[in-house]
Amino acid sequence: MEKEDCEQLLYSNCKEIIWVLRITNLEDSSTKFHQSFAIDSSGTLMTGASTLRLTSSHEIHARRLNSNNFDLKAIVIHWNRECNIFVLKVEGASDCKFGKFCDDGILDANKEVVNIGTQSRSVIGSFWKGKVSFPCRDVRIPTDRKTCADYVCDMNITPEYRVMGDLFSGMTKNQPHFHPSVPLIQIEGIYPSVESRGGPIFDIRGKIIGMSFADYGPYLIGIHVSVLKQVQQDLRAIVDDGSGPSMRGARD
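Criteria and thresholds
Residues numbered from 1 in each chain as written. Predicted model: local features only at pLDDT ≥ 70, side-chain atom pairs only at ≥ 80, totals over all residues. Heavy atoms only, no water. Helix = DSSP H or I, 4+ residues; strand = E, 2+ residues; numbered from the N terminus. Contact = heavy atoms within 4.5 Å. Areas by Shrake-Rupley, 256 points an atom, 1.4 Å probe, with all protein chains shown as cover. Buried < 20%, exposed > 50% of the residue type's maximum accessible area, 1.4 Å probe, protein only. Pairing = 2+ DSSP bridges. Polar contact = N/O pair within 3.5 Å; in protein donor to acceptor, adjacent residues only side chain to side chain. Axes fitted to C-alpha atoms, helices over the stretch in contact; angles between N-to-C directions. Salt bridge = Lys/Arg side-chain N within 4 Å of Asp/Glu carboxyl O. Core = buried A, V, L, I, M, F, W, Y, C linked by side-chain atoms within 4.5 Å.

Caption draft 1: Structural view of the overall build of the protein chain. The helix and strand inventory of the protein chain stands at 3 helices and 13 strands. Within the protein chain, counting contacts between residues at least 6 apart in sequence, those at least 24 apart form 66% of the total. Surface summary for the protein chain: the accessible area is close to 12300 Å², and the carbon and sulfur share equals 48%.

What follows is the structure, given as structure tokens:
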């Protein structure tokens, strides 16, 4: 298969799992848009961003990127405070195409990655290719309760991967719960728009390696896939425990 045909197939397959969220603030009727992606066939979506806030005053409607109407309502069923990732359930959704996480999460510098972004409201669904600017190896998920407000960057060492504290220490007024050691991906070549946040970042095989989360100058910043897997495992544990989906913090 020619390279162009492979990339068209990659685009088509990746596009099928992406959902667009229309988030309406019921207090002032303002509206904003975010991306999300399906993690199972029954309409469970994952999203998040450094500035995203979802409370009881927000109404969420969703549509597949391949459809044209926000005719399905979504509700928050789980929130991970430490990295501001939300899991939602789309009411009435079924037979959804869903993404698969990559196996090991090792990302070498210059590794090619793909994002189907919403660079502005007029060019939604654009295909972007970029490269990892800083490697991710031996990634560890934090288990303590530190926050970015307590983080001080250590210039005496070169880290094995980017962490949240490097970007968000001193900028946590609206999100004081961010954990400084959440692993991030630094990517160049993909336009870091607000509307694209919460969407998946893929490798060239179409596996999810992260989630678009923030920008830092010209760089797109993503949450590493290890965190996304952990959030999914946490949700499954809650459901298997019989207590139902967690709304912890979702209405704070």
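Having seen the structure, we can now continue with the description.
Caption draft 2: Representation of the pairing of strand β3 (residues 44-48) within the structure. Across the 5 residues that make up β3, a large majority, 5, are buried. The two faces of β3 match: Thr-44, Met-46 and Gly-48 on one face and Leu-45 and Thr-47 on the other face are all buried. As consecutive antiparallel partners, strand β2 (residues 31-38) and β3 are separated by 5 residues, and within that stretch Gly-43 has a phi angle of approximately 90°, a positive value. Note that β3 and strand β6 (residues 85-90) share 5 bridges and pair antiparallel. Bridged to Gly-48 within β6 is Ile-85.

Caption draft 3: Examining the side chain of Gln-35 more closely. Following the sequence through the fold, Gln-35 ends up in strand β2. A polar atom in the side chain of Gln-35 sits 2.9 Å from the backbone oxygen of Ile-116.

Caption draft 4: Highlighting the environment of His-179. Looking at the element boundaries, His-179 is found in the loop between α2 (164-168) and β10 (183-188). Overall, His-179 belongs to the buried group, its relative accessible area being 1%. As for His-179 and Phe-168, which are separated by 11 residues in sequence, their C-alpha atoms are 9.3 Å apart. In contact with His-179, not counting residues within four places along its chain, are Glu-82, Pro-142, Asp-144, Arg-145, Lys-146, Cys-148 and Met-164. A polar atom in the side chain of His-179 sits 3.0 Å from the backbone nitrogen of Ser-181.

Caption draft 5: Structural context of the pairing of strand β1 (residues 18-25). Among the 8 residues of β1, 7 are classified as buried, and the element is accordingly described as predominantly covered. Where β1 meets β2, 7 bridges bridge the pair, whose relative direction is antiparallel. Looking at β2, one finds that Ile-23 is bridged to Lys-32. One ladder, built from 7 bridges, connects β1 with strand β4 (residues 58-64); its direction is antiparallel. The partner of Leu-21 across the bridge, within β4, is Ala-62.

Caption draft 6: Representation of the sheet that holds β3 within the structure. Spatially, β1-β2-β3-β6-β5-β4 is the arrangement adopted by the 6 strands of the closed barrel, whose pairing is antiparallel. Adjacent strand axes in the sheet meet at a mean angle of 40°, parallel and antiparallel pairs treated alike.

Caption draft 7: Spatial organisation of the environment of Pro-180. Turning to its location among the elements, Pro-180 is positioned in the loop between α2 and β10. Setting aside residues up to four positions removed in sequence, Pro-180 forms contacts with Lys-146, Thr-147, Cys-148, Tyr-151, Val-163, Met-164 and Gly-165.

Caption draft 8: Structural detail: the pattern of salt bridges. Applying the stated criterion to the full structure yields 7 salt bridges. In this structure, Lys-129 engages Glu-7 in a salt bridge whose closest nitrogen and oxygen atoms are separated by 2.6 Å. Pair noted here: Lys-129 is in strand β8 (residues 124-132) and Glu-7 is in helix α1 (residues 3-15), with a separation of 122 residues, a long-range link. The class of Glu-7 is partly exposed, set by a relative accessible area of 26%. The shortest N-O distance in the salt bridge between Glu-160 and Arg-140 comes to 3.4 Å. Here the residue Glu-160 occupies a position in the loop between β8 and β9 (162-163), and Arg-140 occupies one in the loop between β8 and β9, the gap between them amounting to 20 residues.

Caption draft 9: Main features of the nonpolar core. Counting residues in hydrophobic clusters, the biggest one holds 49 residues, and the most contacted among them are Phe-37, Met-46, Ile-85, Met-164, Phe-168, Ile-223 and Leu-228. Discounting residues that sit within four places of it in the chain, Ile-223 has contacts with Cys-83, Ile-85, Met-164, Val-182, Pro-183, Leu-184, Ile-185, Ile-209, Gly-210, Met-211, Phe-213 and Leu-228. Of all hydrophobic cores here, the second largest spans 19 residues; its members include Ala-38, Leu-54, Ile-60 and Phe-86.

Caption draft 10: Layout of unusual backbone geometry. Non-glycine residue Ser-29 carries a positive phi angle of around 65°. Among the secondary structure elements, Ser-29 is positioned in the loop between β1 and β2. The backbone phi angle of Asn-84 is positive, close to 55°, even though this residue is not glycine. With respect to the secondary-structure elements, Asn-84 resides in the loop between β5 (72-80) and β6.

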